[in-house]
Amino acid sequence: GKTDVGSVLLQPIWDFVTSKEHLIRSPFYPVLFSFTVYMVFCLPYLALDALSCKIPALKKFQVQPKARPTLSMVLHCLAHTVYSHLVFIFPLTVAYWYWRPVYLPLVAPKLHRFLLDIVACMLLFDFQYFSWHLLHHKVPWLYKTFHKMHHKYTATFALATQYSSTWEMLSLGFFANVSPILLGCHPMTEMAIFVIHIYLSVEDHCGYDLPWSMHRLIPFGLCGGPSHHDLHHEKFVSNYAPYFTHWDKLFNTLAQKTAKKP
């Protein structure tokens, strides 16, 4: 039979993942995976925050150069993340693990299916989050009760990504998890989507517009990026979609930062 290029690329990775089956099947795995991936993505940006006062060249990449998170802000957000993972995410992931047993097929997904499913899930989540987010800004009770906490910081930094109310964290976790189930994604695709979600949400809040930021890699202004989301935290009245820009364009809620004066 014809060898699928995708299988050649994905199968060795999937074989490595399935070789760790005893870990993946543990009820502790989802919460540890979630927390570890989040911290791994946050740490480089926290290092940049620490270095920015010593290396002036970093200032040009900062979305809000005058703002810098204090140690107490960082520790406060970290404590909140640890608390959320232990008290809410852990019991829920155990219940989910019990309800939907881990299924690890031997064969990796086909590359085209893997990539299409990732794009489809990101687009579906983007729509779900945009609708949820817009609603929580337009209905004062929803904003005050559930979403206001996430707006504590008008200049965002990496660890502020998961600084949100339990309801917000769980509902967004639900959207992120339900999309791959609805689309019947392969477990490898589910894992990849989960990692991409965490990476993009940290990038959105990191406070740095770097040359490899997603919106610079994807053309035609299809993605928002850190400046786009930072403006939402600064002004509260625009840029509700998490990753892409099409819903904000459609609803006329898109705003862009004015170019910095040289």
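About the thresholds
Residues numbered from 1 in each chain as written. Predicted model: local features only at pLDDT ≥ 70, side-chain atom pairs only at ≥ 80, totals over all residues. Heavy atoms only, no water. Salt bridge = Lys/Arg side-chain N within 4 Å of Asp/Glu carboxyl O. Helix = DSSP H or I, 4+ residues; strand = E, 2+ residues; numbered from the N terminus. Buried < 20%, exposed > 50% of the residue type's maximum accessible area, 1.4 Å probe, protein only. UniProt positions renumbered as here; feature names shortened; annotations may be inferred. Expected span 1.5 Å × (residues − 1). Phe/Tyr/Trp six-rings, centres within 6.5 Å; stacked < 30°, edge-to-face > 60°.

A. Here's a closer look at the pattern of salt bridges. Scanning all chains against the criterion turns up five salt bridges. One salt bridge connects Glu190 with Arg100, and the closest N-O pair in it is separated by 3.2 Å. Of this pair, Glu190 sits in helix 8 (residues 187–205) while Arg100 sits in the loop between helix 4 (71–99) and helix 5 (111–138), and the two are 90 residues apart along the sequence. With a closest N to O distance of 3.9 Å, Lys235 and Glu234 form a salt bridge. The partly exposed category is assigned to Lys235, whose relative accessible area is 49%.

B. Quick look at the UniProt feature "transmembrane region" (unreviewed entry) in the chain. Look at the UniProt record and you will see "transmembrane region" (unreviewed entry) annotated at residues 28–52, 73–99 and 111–130. With 100% helix and 0% strand, residues 73–99 has end C-alpha atoms that lie 37 Å from one another.

C. Structural context of the environment of Phe16. Along the chain, Phe16 turns up in helix 1 (residues 5–18). The exposure class assigned to Phe16 is exposed, which follows from its relative accessible area of 52%. It is 20 Å that separates the C-alpha atoms of Phe16 and Pro27, two residues lying 11 residues apart in sequence.

D. Representation of helix 7 (residues 166–182) in the model. The terminal C-alpha atoms of helix 7 lie 24 Å apart, and with 17 residues this matches the ideal 24 Å at 1.5 Å per residue to within 8%. By the burial criterion, the buried members of helix 7 are Glu168, Met169, Ser171, Leu172, Phe175, Ala176, Val178, Ser179 and Pro180. Looking one or two residues beyond helix 7, the residue adopting positive phi is Gly184, at roughly 60°.

E. Local environment of the packing of aromatic side chains. In this structure the tally under the stated criterion is 17 aromatic pairs. Aromatic pair Tyr83 and Phe88: ring centres 6.0 Å apart, planes at 80°, arrangement edge-to-face. Aromatic pair Trp141 and Phe146: ring centres 5.5 Å apart, planes at 85°, arrangement edge-to-face. Ring pairing ties together the aromatic residues Phe125, Tyr129, Trp132 and Tyr243, which thus form one cluster.

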